[in-house]
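Understanding the architecture of this molecule
Residue strings, one per chain:
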Amino acid sequence: MTSSINESVLADVQTPVYIIEENLLRANLSLIRDVAQRADIEVIMAFKAFALWKTFPIIREYISATTASSLSEARLAYEEFGAPAHTFSPAYTCDEIDEIARCSSHLTFNSLSQYSNMSGAARRANPDLSFGLRVNPEYSEISTLLYNPCAPGTRFGVSADKLPQALPSDIEGFHCHCHCESGADVFKRTLVHIEEKFSKWFPQLKWINFGGGHLMTRKDYDVDLLVSMMNDFHARYPWLKVILEPGSAFAWQTGALVAQVVDIVEDKNIKTAILDVSFTCHMPDCLEMPYQPEVRGAESVEMDRATEKNTYRLGGNSCLSGDFMGSWRFDHPLKIGEKLIFEDMIHYTTVKTNMFNGITHPAISMLKSDGKVQKMRVFGYSDYKNRMN
């Protein structure tokens, strides 16, 4: 499906605003549900990539569980999604473990010491918990170290050489995460390493969670390969329930960030269009990764072409000197007041925004199936003030 954010929609919205499209979200959810049914697996949604809880009534039509990595996320699952979370954290703390346990159905420990120190309190708080252990297969094809959980010296998971031959009796599952917006072909190669390292413990388990990063809603993702792999895995280990917990796949290409050109400045023949949004505040992955966003109606060009006709660097409205991206060539000269659309700005972006500098935070709206724009949240001074208190 293609985006329905057009001129008529833009005429009725005030910038800056994130707009998530209901039809695109439902299309992703339908595909995910279909994969889960065909592969006989459970696919749950990771809040770390997408946590717009006002969309949960829609999402609950397609899936039944979510995954959390903190007390706040676990509470969001329990209180707003309406189901206990599959929870993993690198480090549970004594003052939070009771409440996390009460909000969870599955609790995965990052280390054997965390299991030893926290499992008793967790079990007392929720006797029905299913405990898991995160394992490190020591293999990942993620090239960016910032996102590679299996990089040497990782703080995530237990390697096979550190596992006891007999697991603690109440460890029922393994969790491993080694993908980032990856294809099924990557999962196929990774699964070989996971089985080589850990299959000897599988008879002691009830479930295995292959983590996130399975970008099954991307157009070039080989869904049939994933389904075939999982069916083959079931044939080898029929007693194991299989769980996948992608985040990006749910909100992949489901919406945009709409901004407005506020000013145009020039220095050394480089024109910068100053926007009413900030890269460091509202699109942080663009500077952290750095991830190059797609701007509708513009072509990204190399910096050595920044002085060409109708070419602009795009600048944020914070005081950070590096709050800019570029350059983009448009088919016309930009004008003050013109609206720009940053595509695919829902997953990860909406959960990572901040209020640095106190600049106006984009509102959040949904473009409903009937073509109407529904405001979900508008931010103001009180939001900034309360965060600083």
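The following paragraphs examine the structure supplied in this document. Not measured: the values here are computed from a predicted model.

What follows covers the nonpolar core. Nonpolar side chains in soluble globular proteins generally cluster together in the buried interior. With 104 residues, the main nonpolar core has Phe 174, Phe 210, Met 230, Phe 233 and Phe 342 as its most contacted residues. Other than its neighbours up to four places away in sequence, Phe 210 contacts Cys 176, His 179, Phe 187, Leu 191, Ile 194, Met 230, Phe 233, Val 242, Ile 243 and Leu 244. If you look at the next biggest cluster of nonpolar residues, it comprises eleven residues, including Val 9, Ala 256, Ala 363 and Leu 367.

All told, the structure shown has 22 salt bridges when counted by the stated rule. With a closest N to O distance of 3.2 Å, Lys 206 and Glu 172 form a salt bridge. With a gap of 34 residues between them, Lys 206 in the loop between helix H7 (184-198) and strand S9 (207-209) and Glu 172 in strand S8 (residues 171-175) connect regions that are remote in the sequence. Owing to a relative accessible area of 22%, Glu 172 belongs among the partly exposed residues under this scheme.

In the segment running from Thr 15 into Pro 16, the intervening peptide bond is cis, with an omega of -5°. Structurally, Pro 16 is set in the loop between helix H1 (7-11) and strand S1 (17-21). With an omega dihedral of 15°, the bond running from Gly 326 to Ser 327 counts as a cis peptide bond. Structurally, Ser 327 is set in strand S15 (residues 324-330). Here the phi dihedral of Asn 310 falls at roughly 60°; this positive angle occurs in a residue that is not glycine. Looking at Asn 310, the relative accessible area reads 13%, which means it is buried. Unusually for a residue other than glycine, Asn 357 sits at a positive phi of about 75°. Counting through the fold element by element, Asn 357 comes out in the loop between helix H12 (349-352) and strand S17 (363-367).

All right, on to the packing of aromatic side chains then. For any two aromatic rings, the description comes down to two numbers: the centre-to-centre distance and the angle of the planes. The tally for this structure, following the rule as stated, stands at 17 aromatic pairs. Relative to Phe 131, the ring of Phe 109 lies with its centre 5.2 Å away and its plane at 75°, an arrangement referred to as edge-to-face. Linking Phe 109 in strand S6 (residues 104-109) with Phe 131 in strand S7 (residues 130-134), this pair joins segments that are 22 residues apart in sequence. Summarising the burial analysis for this pair, Phe 109 and Phe 131 share the class buried. Through successive ring pairs, a cluster of aromatic residues spans Phe 187, Phe 202, Phe 210, Phe 233, Tyr 237 and Trp 239.

Another point: the side chain of His 282. As for its placement among the helices and strands, His 282 is situated in helix H10 (residues 279-282). Accessibility expressed as a relative area gives 0% for His 282, which makes it buried. For His 282, the residues in contact, after removing those within four places along its chain, are Tyr 18, Leu 257, Val 277, Thr 349, Thr 353, Asn 354, Ile 359, Thr 360, His 361 and Pro 362.

Criteria and thresholds
- Residues numbered from 1 in each chain as written.
- Predicted model: local features only at pLDDT ≥ 70, side-chain atom pairs only at ≥ 80, totals over all residues.
- Heavy atoms only, no water.
- Core = buried A, V, L, I, M, F, W, Y, C linked by side-chain atoms within 4.5 Å.
- Buried < 20%, exposed > 50% of the residue type's maximum accessible area, 1.4 Å probe, protein only.
- Contact = heavy atoms within 4.5 Å.
- Salt bridge = Lys/Arg side-chain N within 4 Å of Asp/Glu carboxyl O.
- Helix = DSSP H or I, 4+ residues; strand = E, 2+ residues; numbered from the N terminus.
- Phe/Tyr/Trp six-rings, centres within 6.5 Å; stacked < 30°, edge-to-face > 60°.

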